[in-house]
Each structure stands twice: as structure tokens, then as C-alpha cells.
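Structural features, examined
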Amino acid sequence: MKLNNVKVHKMGNKLGIYFSKFYFPKGSLVQIKITKEDKQKEFLTKFNNVITLRRGIENSLYLKCQDLVTLEIQEIKNPEKTKELFREEKIDMLSLIPESTSKGYRIFVNEFNKNNENWLRIWYSHERGSGQQLEIRRFVEIDSIGSLLGQYQAEGTKHKNTRRFSIEFTNRLIPEHQEFISSLSKLGIPKDAFEFRFTYNPNKFSEEEVINHVKRFETIIGYKVKLSRGTSKGIGFRTVIRNTILTEIVLNSLDKIRNLLANESNYTLNQQELANNFLAKLLTGDGTLDVRCTRREFPELNMKIVDQDLNYLKDYCAILRNNGFKARINEKRICVISSCSLRRLLHLYRIKAFKNSNNWNKLLVAIALCLRGRRYYTYSRFLELADYEKFGTSMISKGFQMQSNMASDWLNNKVKENLIVKNNYNSWSLTSEGEKLCKTLDVWSKDYTNLTNLKGFEDPIALLEAFKIKKLKCLSK
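These notes cover the structure that comes with them. (Residues numbered from 1 in each chain as written. Predicted model: local features only at pLDDT ≥ 70, side-chain atom pairs only at ≥ 80, totals over all residues. Heavy atoms only, no water.)

**Here's the deal with the environment of Met402**
- Along the chain, Met402 turns up in the loop between helix H11 (393-399) and helix H12 (404-416).
- Aside from chain neighbours lying at most four places away, what touches Met402 is Arg381, Ile396, Ser397, Ala407 and Trp410. (Helix = DSSP H or I, 4+ residues; strand = E, 2+ residues; numbered from the N terminus. Contact = heavy atoms within 4.5 Å.)

As C-alpha cells, this is what we get:
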């Protein structure tokens, strides 16, 4: 239904539309497209003879009292929520939108097309009026959602006993804020929705230090930062988005995804990608990698995630176990602890766990310590095997200066580990797992070389000692 020359009226301190008759049943969910000259805006509302316009619509269309506008109104139905999380190789956000807010107000959704993409317009109403509307993409890349939820699980405000009206992400690492903003932007959140704060203790940091931190953030992120004084020992940047519906969606998604990854033992490819990105960012925010060399031939490696919520710890433990880690909960120390084999370390490196944090440098050093130890040193041979399509016992024997029978034993052992496959008599080649190992070690070796050049230490034990003296600057920054 189209109505021309509809007058905008003053309604208290807001503007609104008055209808002389009911074109739809009172309370029907309708979508209204309001046009003024060459500008237009769409929104959801419940039909009534008086409809108040939200401030965002007024500002977008530069509306004033007595303006004449064109209205296109259609009744819509709330779409049936899909239960399928994945659509091909993307996340279907429609499956993550809750039926109602935490206060019990029903959430309405309308799908529309924007720039040849499927978008969702989301809205809720209550007895005193309506909430701010939100528009997001329906289908979003798995890695973006996984990273977003992993970051928020570690460093976001959960609003368990408070009103859910804002997304708040706190971290001292600027690259983490870059990734957080990037993930939300891919979801469809506009730039003007973000605000940023820098919290510091004036007794711990000088005015010059604060200014330098803020200037660096503003230069990298491209937004102005507001200052807030605090009482904590450290410093922290905070990214805030004040939108109730987005908060409800993020927190609902967080619970749903975390429970899925904890309770599903055999991941599909999509679930594994989701788990990798979620776990990587969870570890970056709340994880610690402990590397000790009490014996020179092999380091003692432990990874832990700290959280005061026991239910979260149970989920973290299950997710780690589903990803091949031998994890256990230490309730006294409110953490999940896991040992790390070389292959688990390489998995952490591959998914970029701890990236942007000082633990990333520890991870590089831990891999180097393992490769020089008696248990794993032969894995470094895969750095050279990547150049060969096929190889035999004699090549392994000569190339790595070992007896022929030892070369044969090594090849057969790697066949059992699914890293090498035997083609025929005295002919072997890499499996897909072996090729992946070669690529991972090749990229790691470049990162590790950059670290040793930066610090001037070639020996990994010397590098490890340097961590104890002073935190190294992360190469990823």
C-alpha cells in the first residue's frame, strides 16, 4: 500500500505519523518505507493510528514537522527460524537470533535484499515503545563469527546479572580491537555504531604515557578515544556498541556455539573451522602457554585457560579434548590445564592461537625446543622433504646421514603416523597430512628466524630466558 503526501507531525519531543483510519489490524507487524525527496528509510513497527519515528530515521531523512513524505506499507510475517547453523560454507545468522530478549520481549525479523546480498532487519517492541532496530547480513564467513565469539568469550562483558544493552570488549592489544571491529563490520555493523574508551590508573601511568597509547590506538584504528580513569594496575582499551538486539544476538550465539563445540565430538569441516577460530581467540584472550626447560633435551609444556565460571571451564575442557588435547579442570586454581605435544603445538600455530599476544613468541620458541629434543628432532626432516614428490631409503640415508636400516625404520614409523605413504618397493611420498606438516614447519621456520634476528639469540633456551627478563614485543603487532 502506498500513501503520498503524508504529513509529519510533532509528537512531544519526537516526530511521528498519524493515520486517520486503520489500514491494517492494530498491532500487525508492518514494514514501512518512508521517502522524502531522494532519500528513503525502511523500518519495522506494529501498526497503530499513531506511529512515532525513531531519532535515527529523523536524522537520516532530515525530517521536520509539517514535512510531506511518501509511505509504502506492507504487512509481514515473522519468518520461521532455521535450525541449520551452516549454509554451504557460511554461518546462517537467522539460526542464531533468539525468539525474545532476556526481558521477554519478542524479537521480529524481516529478510530483505541489499546489494545482491541477503540481509536481516531485526526489531523488538515492549509496552512502552520499541527498541532500536538492527540490520545484519544473513550469511557470514565462518572464520569471522568464530573469531568474534572467541574474542568475546575471553574479553567481553557477559551481562549475566545486568541489563543487556551493549557490547563491551576490553583488551590492551590494539590488533585484537582491529580484528574485533573487522568481524563486526563483516556482520554488517556500521562504523558510526562504535565508540572507544581508554581506561588507565593515573597513579601508575604518566600523562605522556597515556597520550602516547591513545595516539597509537587512534592512528591504527582510525577512531577517537575517550579517556576513563580506573583503579586497576594495568591499562585497557574498550570497544563499545550500544544496541540491545546486537547484544542479545552475540550472547545467544556465544552460548549456542560454545555448547555445540563442547558437545559435538566428531566435527564436520565447517564445525572444525568454527572451533579453530573460536579456540584461537579464546586462548589469545584468556590462555597462557607455560614453557620450562628443566631438562635440555625436552621442554615441559603446559597450556591453561583461566575463568571464574565453572560451567565455562567445563566447556573449554571439552572443546580442547575434542581438538586432541589432554585437558583437565583445576577447580582450585579456576583454570583448565593441558599438556602439549609437538603436533598440538603445531596445531595451535596453524590456527594462530595466541596471535598478537606475548604467548605467540613463546609458541614459536616451544616448537623450536621440541624439534631440537630427542623425542621430536626427526620431524625437522620434513622441512626438506617438501621439495620431493617421491623418495626412497637411499635418499633418506644420504640426505640425513643415517644408516639404511635406520632410514627404513623412520619411513615405516612415519607411515604409521599417516605422514608418509609407501607407493611400491623403496618408493615413498608424503600424505596430505605430511604435506600440511611441511607447509606448517616452513612458515614457522620463517617466523622463528625473524624472532631470533630481532632479539639476537639463535639458541631457543636463551630466547626463553629473555622472556623471563623482559616481555618480547610481539612480531604480529
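**Side note on the packing of aromatic side chains**
- Tallied over the entire structure, the rule returns 21 aromatic pairs.
- Their ring planes at 15 degrees and their centres at 4.3 Å tell us that Phe169 and Phe180 sit as a pair that is stacked. Remark: Phe180 occurs in helix H3 (residues 174-187) and Phe169 occurs in strand S14 (residues 167-171); sequence separation between them is eleven residues. As far as burial versus exposure is concerned, Phe169 and Phe180 are alike and both buried.
- Connected via pairs of aromatic rings, a cluster forms that spans Phe194, Phe196, Phe198, Tyr200, Phe217, Tyr223 and Phe237.
- Here the guanidinium or amino end of Arg381 rests over the ring plane of Phe400, the centre of that ring lying 5.4 Å away. (Phe/Tyr/Trp six-rings, centres within 6.5 Å; stacked < 30°, edge-to-face > 60°. Buried < 20%, exposed > 50% of the residue type's maximum accessible area, 1.4 Å probe, protein only. Lys NZ or Arg CZ within 6 Å of the ring centre and 35° of its normal.)

**Focus on helix H8 (residues 342-350)**
- When we look at burial in H8, the residues that qualify are Leu342, Leu345, Leu346, His347, Leu348 and Tyr349.
- Just downstream of H8, Lys352 is the residue with a positive phi angle, here 65 degrees.

**Some words on the pattern of salt bridges**
- Within the structure shown, the criterion is met by 23 salt bridges.
- For Asp67, the salt bridge goes to Lys36, with nearest N and O atoms at 3.1 Å. With Asp67 in the loop between helix H1 (55-61) and strand S6 (68-75) and Lys36 in strand S3 (residues 29-36), this residue pair connects regions lying 31 residues apart in the sequence. A single burial state applies to Asp67 and to Lys36, both of which are buried. (Salt bridge = Lys/Arg side-chain N within 4 Å of Asp/Glu carboxyl O.)

**Here's the deal with the sheet that holds strand S13 (residues 139-141)**
- Strand order across the open sheet formed by three strands is S7-S8-S13, with antiparallel pairing between neighbours. Two strands bound the open sheet, and with one partner strand each, they are strand S7 (86-87) and S13.
- Bridge count between strand S8 (residues 90-92) and S13: three bridges; the pairing is antiparallel. Looking at the pairing, Asp92 lines up with Phe139 of S13.
- Packing against the sheet, helix H2 (residues 142-155) makes contact with S7, S8 and S13, and its axis sits at approximately 75 degrees to S13. (Pairing = 2+ DSSP bridges. Axes fitted to C-alpha atoms, helices over the stretch in contact; angles between N-to-C directions.)

**Some details on the nonpolar core**
- Ranked by internal contacts, the top residues of the largest apolar core, which has 119 residues, are Met93, Ile122 and Phe382.
- At ten residues, the largest contribution of residues to this core is made by helix H9 (residues 358-372).
- Leaving out residues up to four positions away in the same chain, Phe382 has contacts with Trp410, Lys414, Leu419, Ile420, Leu430, Gly434, Leu437, Cys438 and Leu441.
- Within the second largest apolar cluster, 20 residues are counted, among which are Val6, Phe19, Phe24 and Val30. (Core = buried A, V, L, I, M, F, W, Y, C linked by side-chain atoms within 4.5 Å.)

Interpretation in functional terms is not warranted from these geometric data alone.
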